[in-house]
Amino acid sequence: MAKKIVITIDGWSSCGKSTLAKQLSQKLGYLYVDSGAMYRAITLYFLRNNIDWAEKKEVKDALKSINLEFVFNPNSNNSEMHLNGENVEYVIRDLLIAEKVSDVAAIKEVREFAVAQQQKMGTKKGIVMDGRDIGTVVFPKAELKIFMTADNAIRVQRRFKELYEKNPNITVEEVKDNLEMRDYIDSNREVSPLRKAKDALELDNTNLTEKEQFNKALNWAKEKIGE
Ligand code: DC
């Protein structure tokens, strides 16, 4: 049987991390975990329950009431985020969540809560996880670490297209401001800021098609697996 590895994909918002991670996991028969969905679901819980996340005790107590689970949906061919038994995969993609998630993800207790679960999912290897700190903090010993980048304008266009399909009132400006704000907070926070791991391979997909990007990453994976 082929050796199983851990693949981490980190990078800026809307670089296409999840697209690549899903394709790699399907090709390799690996588990795919979208770690951002966990921070988004925690944010949704905090908003719904009026949790004041400046208050440590409130955050700690709230986390005790949060159960996160990825449930495979054969219709969408995707593992979807369930928060306390409710499928929240669609609602966590809303701009309202995107506006707050970086603040919530910067909280130490929130990160400890999410990272512990993420590390558990990877104990058997055979996993592709995308996020911001996966190669640096969650799986520092991962066999393949990819750090994705793309030009800002392209990232804004991609995210705009995605959000516009759900909400035609959204503007390019709003999307641009949100991306810039999240990138700033994600890379400047004290706990586990977004960084390229020293041993990560950089994948700039500004001028790559999806297919070209996939082939490049798949070749890297095959080298690490030893095929
Ligand atoms: O990948 P995404 O856009 O769904 O992530 C949502 C937010 O969660 C992002 O702005 C930063 C945060 N995040 C994080 O801090 N660490 C991760 N491993 C994944 C996401």
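Note that the coordinates shown come from a computational prediction; the quantities given were computed from them, not determined experimentally. Here, residues in each chain are numbered from 1, in the same order as that chain's written sequence. Reporting of local features is limited, given that this is a predicted model, to residues whose pLDDT is at least 70; pairs of side-chain atoms are given and counted only at 80 or more, and all residues count toward the totals for whole chains, interfaces and linings. Side-chain descriptors were evaluated using all non-hydrogen atoms of the structure, hydrogens and water having been removed beforehand.

Novice: Describe the nonpolar core, and please don't skip the residues or the numbers.
Specialist: For the purposes of this section, nonpolar cores are sets of buried Ala, Val, Leu, Ile, Met, Phe, Trp, Tyr and Cys residues that join through side-chain atoms within 4.5 Å. Residue burial is assigned from relative accessible area. The probe radius is 1.4 Å, only protein chains are included, and a residue is buried under 20% of its type maximum, exposed over 50%, and partly exposed in between. One finds I42, F46, L63, I66, L68, M81 and V110 to be the most contacted residues of the largest nonpolar core, which totals 35 residues. To qualify as a helix, a DSSP run of H or I must reach at least 4 residues; to qualify as a strand, a run of E must reach at least 2; elements of each kind are numbered from the N terminus. Looking at this core, the elements that each hand over two or more residues are α2 (35-48), α3 (56-64), β4 (78-83), α4 (95-105), α5 (108-121), β6 (127-131) and α6 (134-138). The element that contributes the greatest number of residues to this core is α2, accounting for eight residues. Throughout, a residue-residue contact means that at least one pair of heavy atoms, one from each residue, lies within 4.5 Å. Residues in contact with I42, not counting those within four places in the same chain, are L63, I66, L68, V104, V110 and F113. Counting 21 residues, the second largest nonpolar core, distinct from the first, contains I5, C15, Y30 and M148.

Novice: I'd like a rundown of the site of the ligand, residues and numbers included.
Specialist: Taken together, 16 residues lie around the ligand, and R40, R111, D133, R182 and R189 are the ones closest in. Between the ligand and R132, the relevant distance is 3.0 Å, taken from an oxygen atom to a side-chain nitrogen or oxygen of the residue. Definition of a polar contact: a pair of N or O atoms within 3.5 Å, with one able to donate and the other able to accept a hydrogen when the atoms are protein atoms, and with sequence-neighbouring residues admitted only if both atoms are side-chain atoms. At 2.7 Å, a side-chain N or O of R189 approaches an oxygen atom of the ligand. About the coverage of the ligand: the protein hides 96% of its 450 Å² of free accessible area. The way it works is a 1 Å grid over only the protein atoms, where trapped points that fit a 1.4 Å probe form a cavity and open points with protein on both sides within 12 Å along at least five of seven lines form a pocket, and then any residue with an atom within 4 Å of a point lines it. Here the criterion for a molecule occupying a pocket or cavity is that more than half of its atoms lie within 2 Å of the pocket grid points. One can see that the ligand is located within the largest pocket. Of all the elements, α2 adds the most residues to the shell around the ligand, at four residues. Class assignment for the residues of the shell around the ligand results in four nonpolar, four polar and eight charged. Residue proximity to a molecule or strand is established when one non-hydrogen atom of the residue lies within 4 Å of it. Shrake-Rupley sampling with a 1.4 Å probe provides the accessible areas, and residues are treated as covered by the protein chains on show and by no other component. As a working rule, the residues Ala, Val, Leu, Ile, Met, Phe, Trp, Tyr, Cys and Pro are called nonpolar, Asp, Glu, Lys and Arg charged, and the rest polar, with Gly in that last group.

Novice: Report on the sheet that holds strand β3 (residues 68-73), specifying residues and quantitative values.
Specialist: The antiparallel open sheet is built from three strands, whose spatial order is β3-β4-β5. Each edge of the open sheet carries a strand with a single partner, namely β3 and β5 (86-87). Lines fitted to C-alpha atoms define the axes, with helix axes restricted to the stretch in contact, and inter-axis angles between N-to-C directions lie between 0 and 180 degrees. Of the strands in this sheet, β3, β4 and β5 touch α2, which is tilted by about 25° from β4. At least two DSSP bridges between two strands are needed for those strands to be called paired.

Novice: Describe the packing of aromatic side chains, listing the residues and the values that go with them.
Specialist: Stacked, tilted and edge-to-face are the three classes applied to pairs of Phe, Tyr and Trp rings, where Trp contributes its six-membered ring and a pair requires centres within 6.5 Å; stacked means planes under 30 degrees apart, edge-to-face means over 60, and tilted covers the rest. Considering all chains together, one arrives at two aromatic pairs under this definition. Where F160 meets Y164, the ring centres are 5.4 Å apart and the plane angle is 35°; that geometry is what we call tilted. Here F160 pairs with Y164, and both are found in helix α7 (residues 152-166), just four residues apart, close to one helical turn. Exposure remark for Y164: the relative accessible area of 40% places this residue in the partly exposed category. The ring of Y90 carries the charged tip of K166 above its face, separated from the ring centre by 4.5 Å. Charge over a ring is defined by NZ of Lys or CZ of Arg lying within 6 Å of the ring centre and within 35 degrees of the ring normal.

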